[in-house]
Amino acid sequence: MSIHGKTEDINPHLLTDFKLKWIANPIVPEDKIRPINPGEYDDLQLHDVDDRRQVFDYDHIPRFHKKPGSDRLEVFYDLWFVANLAVFTSLHTVNDETNLLSYVAYISLLWFDWFQTSLYDVRFLADSVFERVARALHMGVMVGFAVVSVNFTPDEQKNGTFQVTSLVLMVSRLVLAVRYLSIAWHIRHFKQGKKPLFFLVAMNFLAALIYMGVSFRFQDGKNSRAYGTWYAISAIESLLQVGLSLYFKVLSFDGTHLTERMTVATLFMLGEGVNVLGENVVTIVQNSGWTAPTIGNLTAGVAHVYFVYMIYFDWMSRHHTLTGFRQALWTLIHLPFHIVLLLFSEGASQFIQWWKISESIFYARDKITHGTAAISFDGVAEEDFTQTVVAGLQDTVQDIWAKYAPSYIDSQDAIDSILDDISKIPNDYWYGEEYRATVPSLSDYDAKFETDIVDMAVTVCNTIFQSYKIDPLANIAGKFTVDTPSTVIQNAAFEATSTRFEITFNFTFIAAGLTLLIMVLLYAVARPRSAWSWSVGLRMALFGLTGVGLALVTLVSRDEENQYPLTPWLLPTLTLVFFIVAVLSHFPRGPPTQAFDFLRRRRRGRAMDDDDASGGYGHLQEARVPALQAYEGHHGYGGQPTQIYTAPTVPHGAYDGARYGKTF
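One structure accompanies this document, and this report is about it.

What counts, and where the lines are drawn
- Residues numbered from 1 in each chain as written.
- Predicted model: local features only at pLDDT ≥ 70, side-chain atom pairs only at ≥ 80, totals over all residues.
- Heavy atoms only, no water.
- Axes fitted to C-alpha atoms, helices over the stretch in contact; angles between N-to-C directions.
- Helix = DSSP H or I, 4+ residues; strand = E, 2+ residues; numbered from the N terminus.
- Parallel < 35°, antiparallel > 145°, perpendicular 65-115°, else oblique.
- Contact = heavy atoms within 4.5 Å.
- Nonpolar A, V, L, I, M, F, W, Y, C, P; charged D, E, K, R; others polar.
- Expected span 1.5 Å × (residues − 1).
- Buried < 20%, exposed > 50% of the residue type's maximum accessible area, 1.4 Å probe, protein only.
- Arc of directions from axis to C-beta.
- Salt bridge = Lys/Arg side-chain N within 4 Å of Asp/Glu carboxyl O.
- Patch = residues over 30% accessible without salt bridge, like charges linked within 9 Å, V, L, I, M, F, W, Y side chains within 5 Å.
- Areas by Shrake-Rupley, 256 points an atom, 1.4 Å probe, with all protein chains shown as cover.
- Left-handed = near helix turned anticlockwise from the far one by under 90°.
- Core = buried A, V, L, I, M, F, W, Y, C linked by side-chain atoms within 4.5 Å.

## Quick notes on the packing of helix H11 (residues 324–332) against helix H12 (residues 334–373)
H12 packs onto H11 with a crossing angle of 25° between their chain directions and a minimal axis gap of 5 Å. With respect to their mutual orientation, H11 and H12 come out roughly parallel. For the pair H11 and H12, contact is made by Trp330, Thr331 and Leu332 and by His334, Leu335 and Pro336, respectively. Tallied by class, residues from the contact of H11 with H12 come to four nonpolar, two polar and no charged.

## Observations regarding helix H13 (residues 385–403)
Helix length check: H13, at 19 residues, gives a terminal C-alpha distance of 28 Å against a target of 27 Å (1.5 Å per residue), a fit within 8%. The complete set of buried residues in H13 reads Phe385, Thr386, Val389, Val390, Leu393, Thr396, Val397, Ile400 and Trp401. All buried residues of H13 lie within an arc of 150° about the axis, which places them on one face of the element.

## So, unusual backbone geometry
Excluding glycine, a negative phi dihedral is what most residues carry, and trans is how most peptide bonds are arranged. For Lys469, which is not glycine, the phi torsion reads 65° and is therefore positive. Summarising the element assignment, Lys469 is placed in the loop between helix H16 (440–467) and helix H17 (486–526). Using a relative accessible area of 61% as the deciding quantity, one classes Lys469 as exposed.

## Focus on the pattern of salt bridges
A complete count under the given rule lists 13 salt bridges for this structure. Asp113 serves as the salt-bridge partner of Arg173, at 3.1 Å between the closest nitrogen and oxygen. Note that Arg173 is positioned in helix H6 (residues 159–186) and Asp113 in helix H4 (residues 97–124), a separation of 60 residues in sequence. Note on Arg173: relative accessible area 0%, which makes it buried. Judged by relative accessible area, Asp113 falls into the buried class, the value being 0%. We note a salt bridge from Arg132 to Asp127, for which the minimum N-O separation is 2.9 Å. Relative accessible area serves as the criterion here: at 35%, Arg132 is assigned to the partly exposed category. Residue classification places Asp127 among the partly exposed positions, given a relative accessible area of 23%. If you follow the salt bridges from partner to partner, you end up with Asp121, Glu131, Arg135 and Arg179 in one network.

## Some points on a nonpolar patch on the surface
A cluster of nonpolar side chains, Leu167, Leu174, Phe205, Leu206, Leu209, Met212 and Phe216, forms an exposed patch at the surface whose accessible area comes to about 660 Å². Of all the secondary structure elements, the ones that give two or more residues to the nonpolar patch are H6 and helix H7 (194–214). The greatest single-element share of the nonpolar patch, amounting to four residues, is contributed by H7. Along the chain, the position of Met212 falls in helix H7. Overall, Met212 belongs to the partly exposed group, its relative accessible area being 34%.

## Notes on the packing of helix H3 (residues 72–91) against helix H9 (residues 258–286)
Packing of H3 against H9 leaves a shortest axis separation of 10 Å and a crossing angle of 35°. The crossing of H3 and H9 is right-handed. In contact with Glu74, Asp78, Phe81, Val82, Leu85, Ala86, Thr89 and Ser90 of H3, H9 contributes Arg261, Val264, Phe268, Met269, Glu272, Asn275, Val276 and Glu279. Tallied by class, the residues present in the contact of H3 with H9 amount to eight nonpolar, three polar and five charged.

## Details of the side chain of His334
Mapped onto the elements of the fold, His334 is located in helix H12. Exposure remark for His334: the relative accessible area of 0% places this residue in the buried category. Setting aside chain neighbours within four positions, we find His334 in contact with Trp111, Met262, Thr266, Tyr312 and Leu522.

## Some details on the nonpolar core
Among the nonpolar cores identified, the biggest contains 132 residues, and Trp230, Trp315 and Phe578 are the most heavily contacted of them. A per-element tally of this core places H12 first, with 16 residues. For Trp230, the contacting residues outside a window of four places in its chain are Leu109, Phe152, Phe162, Thr165, Ser166, Leu169, Tyr211, Val214 and Phe218. Membership of the second largest hydrophobic core comes to 18 residues, among which are Tyr120, Phe124, Tyr180 and Leu244.

Spelled out as structure tokens, the structure:
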């Protein structure tokens, strides 16, 4: 082939078309692997990845092709997993106990299904027509999850939704059973390895039957606890899969990219947090609400995702060396980690929105307060005082609604009812407090007017909630009749929405604390025993206690006099904590260790000064002379050579241990 006048030889294999097999064999042929003795296999170094992937012992256990990372079929499947996360998060904002339960229940079920599919893929996936058909069916399962996500609420079950969910899980396990059966067929000529695979076939088939049976337990108008069976069976499946891999080489995850799949899933969770953050930014932009605290919260929202990302991937840099039980434990811990990470990201993004709502409420409160105080009666006839107050309040409300327009006619009805109530106040009530003190009958209107102003502020606040895509009336739907006064409905809606903020505050700080705690646990599992030192242990214990402290911040919400939840410092506080953790993670030695070393040096220096002042180094000077003579004699400077004691050579492994102990 000629390129710019030059002829280059091209490998003819690169010019051949890719031929897709009907069923690809994932087993490494015996003539393609290096045979070794069984004892040699156990002595291979963990970092010798090539050897771990290309060995063959004489027990005739099949060895499968190991991929260094996720292939295109796995990545394409991941897109559907991420899409389901995005769909459910957009439909179910976590702002009350019902939505919180639905969120955890749905994400757990989706994660288990993705996990079961990934466990097969990392060990046995080989591109073929058969595997592509199976992948299409798995994508159909993901579509099924998207369909049921709309009405997936365990506390308010709909018959069709939960029946479909159970049948979707059944299809998923049937596809996996057929895929494992194909692997069992591939290894039919080997002496060992078939029984564990047939067990997985039976396990998935039995799980499919159970899921099908559970589908009959759901009935219209009745909540069934049978859905708990989904989680029990999924957990048992996962534990059996991982547990069997520790005892049967044919199912082993050693040399696979299983841990890499967990890190990829972590990126999905962080990406979903970014997605929710972007949606809240759009809402803020739509309401033209840029202020310094809002910009600070937005910056903190972006930064906290970045800091969590840095901490996780810096701490998990050794995940690819994990094998056996530590690999299994590290993998399983990712289920609770991914759930709390999603909740943390969801709540953190809501903090930005809630602060902007708080700013708008403060604006409306001040507007109503100042508007009432600014009403002037100059040039107004006494008989028109009350109507002047009503007109002034009406103008104030309209000014606020010009910025935050109401979505329901009930809001206007409530304001009309409040203004009508104020219009019944006598004109002489506005003469002043001194005059009202002389007329006892007028003092009765003080509480009435104060109540009307509070009701007005509450109604306006509810319209602000609506502007930020929070429907306060949805929280109380069906709890009142058509005869209920509109002001009562508005107050109930405001109280329910305020409770939503308290729930968001609590679960966000708890999720943030658990996120840090579980990352500490993951780090402890991933770090080799030889790499631990007391300074590293102390540092990780400090990080763990920090996580506990974040979770305990929720106690602040129980103190009604504490104003911290109403400040713009909620998200910046969390971001600052994770920033400090990220920085301390890269100290060569922990700050406590450096402080102790400094104290030791000062103490040693003080002792040397005292000894020198008292002539205490005379014996060292005397000992120096024969030592120098021995050195000179050994090197030919005079005298007879003297045998010098040499320290034993430090083994390379010991050096590695010391090196790891001084670095994070």
